[in-house]
Amino acid sequence: MTWRRTWAVARKECLHIRRDPRSLLLALAVPVVLLLLFGYALRLDVDRIPMLVRDADGSPQSRELIARFAGSRFFEVIGLVEDERSIARAMERGRCVMALVIPADYSRRWLRGERAAIQVLVDGSDSNTASIALGYAETVLHAYLGEWRVSVLRRSMGRPVEPPLDPRWRIWYNSELRSRNYIVPGLIAIILMIIAALLTSLTIAREWEVGTMESLLATPLRASEIVLGKMLAFFGIGLLDMLIALVVGVGFFRVPLRGDPLLVLVTGGVFLFGALGWGLFLSALVRSQVLAYQLGVITSFLPAFLLSGFIFAIENMPPGVQALTYLVPTRYFIVILRGLFLKGIGLEELVGEVLFLLGYAGVVFALATRRVRRGMA
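Fair warning: this is a prediction, and the values are worked out from it, not measured in the lab.

Definitions and cut-offs
- Residues numbered from 1 in each chain as written.
- Predicted model: local features only at pLDDT ≥ 70, side-chain atom pairs only at ≥ 80, totals over all residues.
- Heavy atoms only, no water.
- Helix = DSSP H or I, 4+ residues; strand = E, 2+ residues; numbered from the N terminus.
- Buried < 20%, exposed > 50% of the residue type's maximum accessible area, 1.4 Å probe, protein only.
- Contact = heavy atoms within 4.5 Å.
- Areas by Shrake-Rupley, 256 points an atom, 1.4 Å probe, with all protein chains shown as cover.
- Phe/Tyr/Trp six-rings, centres within 6.5 Å; stacked < 30°, edge-to-face > 60°.
- Pairing = 2+ DSSP bridges.
- Axes fitted to C-alpha atoms, helices over the stretch in contact; angles between N-to-C directions.
- Patch = residues over 30% accessible without salt bridge, like charges linked within 9 Å, V, L, I, M, F, W, Y side chains within 5 Å.
- Salt bridge = Lys/Arg side-chain N within 4 Å of Asp/Glu carboxyl O.
- Parallel < 35°, antiparallel > 145°, perpendicular 65-115°, else oblique.
- Left-handed = near helix turned anticlockwise from the far one by under 90°.
- Nonpolar A, V, L, I, M, F, W, Y, C, P; charged D, E, K, R; others polar.

S.K.: Please set out the overall build of the protein chain residue by residue, giving values where relevant.
M.R.: The helix and strand tally for the protein chain stands at 15 helices and four strands. Evaluated residue by residue, the protein chain yields a buried proportion of 43% over its 377 residues. Of all intrachain contacts in the protein chain linking residues separated by at least 6 positions in sequence, the fraction that spans at least 24 positions is 79%. When the accessible surface of the protein chain is split by element, carbon and sulfur atoms take 61% of a total near 20400 Å².

S.K.: So what's going on with the packing of aromatic side chains? Residues and values would help.
M.R.: Applying the stated criterion across every chain, the model contains ten aromatic pairs. With a centroid separation of 4.0 Å and an interplanar angle of 20°, the aromatic rings of F74 and Y136 are classed as stacked. One end of the pair, F74, is in the loop between helix 3 (60-70) and strand 2 (75-80); the other, Y136, is in helix 6 (residues 127-157), with 62 residues separating them in the sequence. By relative accessible area, which is 21% here, Y136 ends up partly exposed. When the ring of F273 is compared with that of F365, the centres are 6.0 Å apart and the planes differ by 40°; the resulting orientation is tilted. Taken together, the residues span a long stretch of sequence, with F273 in helix 11 (residues 261-286) and F365 in helix 15 (residues 351-376) at a distance of 92 residues. Exposure remark for F365: the relative accessible area of 18% places this residue in the buried category.

S.K.: Any details on the environment of I314? Residues and values, ideally.
M.R.: If you trace the backbone, I314 turns up in the loop between helix 12 (289-306) and helix 13 (319-325). The class for I314 is buried, based on a relative accessible area of 11%. Separated by 17 residues in sequence, I314 and R331 place their C-alpha atoms 9.5 Å apart.

S.K.: Break down the sheet that holds strand 3 (residues 98-102) for me, citing the residues and quoting the values.
M.R.: Spatially, four strands are ordered 2-1-3-4 in an open sheet, and the strand pairing comes out mixed. Each edge of the sheet is formed by a strand with only one pairing partner; in this case those strands are strand 2 and strand 4 (119-122). With strand direction ignored, the average angle separating the axes of adjacent strands in the sheet is 25°. Where strand 3 meets strand 4, four bridges bridge the pair, whose relative direction is antiparallel. Among the inter-strand pairings, M98 is bridged to a residue of strand 4, identified as V122. In this fold helix 3 packs onto strand 1 (49-55), strand 2 and strand 3, with an angle of close to 165° to the strand it touches most, strand 3.

S.K.: An account of a nonpolar patch on the surface is needed here, citing residue identities and associated values.
M.R.: A surface patch of nonpolar side chains, amounting to about 350 Å² of accessible area, comprises I298, L302, L306 and F312. Relative to the helices and strands, F312 is located in the loop between helix 12 and helix 13. F312 gets classed as partly exposed once you look at its relative accessible area, which sits at 42%.

S.K.: I'd like to hear about the packing of helix 7 (residues 179-200) against helix 14 (residues 329-343), residue by residue, with values.
M.R.: Taken N-terminus to C-terminus, the directions of helix 7 and helix 14 make an angle of 140°; their axes are 9 Å apart at the nearest point. On the basis of their axis angle, the class for helix 7 and helix 14 is oblique. In terms of crossing hand, the pair formed by helix 7 and helix 14 is right-handed. Contacts between helix 7 and helix 14 involve N181, Y182, P185, G186, I188, A189, I190, L192 and M193 on the former and, on the latter, P329, T330, F333, I334, L337, R338, F341 and L342. Looking at the contact of helix 7 with helix 14, its residues break down into 13 nonpolar, three polar and one charged.

S.K.: So what's going on with the pattern of salt bridges? Residues and values would help.
M.R.: Tallying each qualifying case throughout the model produces four salt bridges. A salt bridge links D83 to R85; the nearest nitrogen and oxygen atoms lie 3.9 Å apart. For the salt bridge of R109 with D105, the shortest nitrogen-to-oxygen distance reads 2.9 Å. Its relative accessible area of 30% is what places R109 among the partly exposed residues.

S.K.: Give a detailed account of the pairing of strand 3, specifying residues and quantitative values.
M.R.: Here strand 3 lies mainly inside the structure; five of its five residues are buried. Where burial is concerned, the two faces of strand 3 agree: the one with M98, L100 and I102 and the one with A99 and V101 are both buried.

In structure tokens form, the structure reads like this:
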């Protein structure tokens, strides 16, 4: 392999990119559009849950319980209803997610020290939101009952009684629990994988369709020089896409970057090299732009979005699917980005992920080179 011939192929691809400014603009604009769209629209925060209240008791005790929910940032009491049928109609129309039903004998049982039953109704059509709403409701009720127990002890003993437990909560790495801090680093990996695979999935297939591949094969170029030269042309665009995504993520969405920015760029370059190589392999494999584009979408977007841990926790997947996720390079790059952005860790904690990306890039480059060599034979 000679760098002179490799650079000639890269220069040829750069000239082709320059002659097609619309594709270049699309390659640079799509990451920004996707980052802004997903960054705003895709949120995992569940707060201000709309809830209805059916208070059949109307006592100071029931109003105090309602005030506990209304005063929490997790719930929003949107109204009081007179019967359960109104709750059912509201849930059917999607007006509320949860309802609190307080029976008529609530205060009487409460004051007597008996078990005072209440009912919490939750719309389970969205199981994730329903589970989170139930957890929030349990937290509010446990805090309310804990204060009641302390007040009972204080009255019975005739002197101030301190609670037996004084929890101090501290959340590391994402203290505000902003889902944006969790989503945006993963989005950068998803966008890079999609853009890189789609950029290169059409290059060799286009050469075969327009008939210029035969002329290229007639030159003294080797298969490795063709693959590397084409990758270098798009590698610069990919790095520019990553820089744009980093600027938007840190500057616009205010996601903290606690790690070394240089390490982000280096690991991103390794990941980008592998993603570009995968697109070139598909392009050399099928020799059809339409089919290469479809394969690029299926093999880059779907695994990156569904099997990388970006949205869905890998630990909750079936064992067979969990084993499959180990073959998805986006999984490792997301771990790297979230570690660098939120935790500020260094290379020593990310050795395993970086080694996998290096191995993946090498294997994909070898596969693409082998496939181009077979086409030259």
